[in-house]
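Here is what each chain is made of, one letter per residue.
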Amino acid sequence: MSAQIIDGVKIAAEIKADIKRQAMAYEQRTGRKPGLAVILVGNDFASEIYVTRKMEACEQNNIKSFEYRLPYSTTETELVELITRLNDDADVDGILVQLPLPEHIRENVVLSHISVNKDADGFLAENAGNLMLGNPALNACTPCGIIELIKSTGRKIDGANAVVIGRSNIVGKPMSMLLLRENGTVTICHSRTRNLSEILKQADIIVAAVGKACFVKPEM
């Protein structure tokens, strides 16, 4: 079977164009742009790049951005207070706390204070639980993007053997649930999985969510 390269840049452009149309329609209907608040604590280099790109994407697609760059010394209480204010702000439709947070701030505590309807990352237990139950939910972004990429190839997920390598709450677990929702037969592999190569040889779809390039070798 010859390789099929997925043009992610092209697909992203198409999705963004659709988002922009929806955002403009929303503004015409409500009199305001949809709003996304992004919070960055500290000066992690990679996080700063991610936040800058997110702000640029908002500007390009008719979404109002609210950017909060807080010093490393920000306390957990101060961060929770900011999130509480944003929950009550009618101009903010989504809240995104850029991870990782400084070591003195408990990630699970902070994220639990985001309103379930403003959970832009889909990380809250209620949204994750609704995904597992098959109910409407705000889902994790990366897995949703992967589903779109798979569908773009024209290959059916329905009935396919799908293997997910990784079990993180951000990618691996929600990825498995989304594939299951598409009627894939899902196997989850991780660092303790035995005979990974043999499992992968039975797969129609492989999602490598381990954060390591070239982890899956051709002979697998």
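Source: prediction; values computed, not measured.

**Q** Explain the overall build of the protein residue by residue, including any values.
**A** Within the protein one finds 8 helices and 6 strands. Listed N to C, the secondary structure of the protein is α-β-α-β-α-β-α-α-α-β-α-β-α-β in terms of helices and strands. For 220 residues, the compact-globule estimate of 2.2 N^0.38 gives 17 Å, and the protein sits close to it at 19 Å. Summarising its shape, the C-alpha atoms of the protein cover approximately 50 × 40 × 35 Å along the three principal directions.

**Q** Would you mind going over the nonpolar core in detail, with residue names and values included?
**A** Core analysis: the largest hydrophobic core is formed by 18 residues, its most contacted members being Ile39, Leu79, Val97 and Leu101. For this core, the secondary-structure elements that each account for two or more residues are β1 (35-41), α3 (76-88), β3 (94-97) and α4 (107-112). Looking at which element gives the most residues to this core, the answer is α3, with 4 residues. Aside from chain neighbours lying at most four places away, what touches Val97 is Ile39, Ile83, Val110, Leu111, Ile114 and Asp121. Counting 13 residues, the second largest nonpolar core, distinct from the first, contains Ala162, Leu178, Leu179 and Val207.

Calculation notes
Residues numbered from 1 in each chain as written. Predicted model: local features only at pLDDT ≥ 70, side-chain atom pairs only at ≥ 80, totals over all residues. Heavy atoms only, no water. Helix = DSSP H or I, 4+ residues; strand = E, 2+ residues; numbered from the N terminus. Rg over C-alpha atoms; globule rule 2.2 N^0.38 Å. Core = buried A, V, L, I, M, F, W, Y, C linked by side-chain atoms within 4.5 Å. Buried < 20%, exposed > 50% of the residue type's maximum accessible area, 1.4 Å probe, protein only. Contact = heavy atoms within 4.5 Å.

So far we have only geometry, and geometry alone does not tell us how the molecule works.
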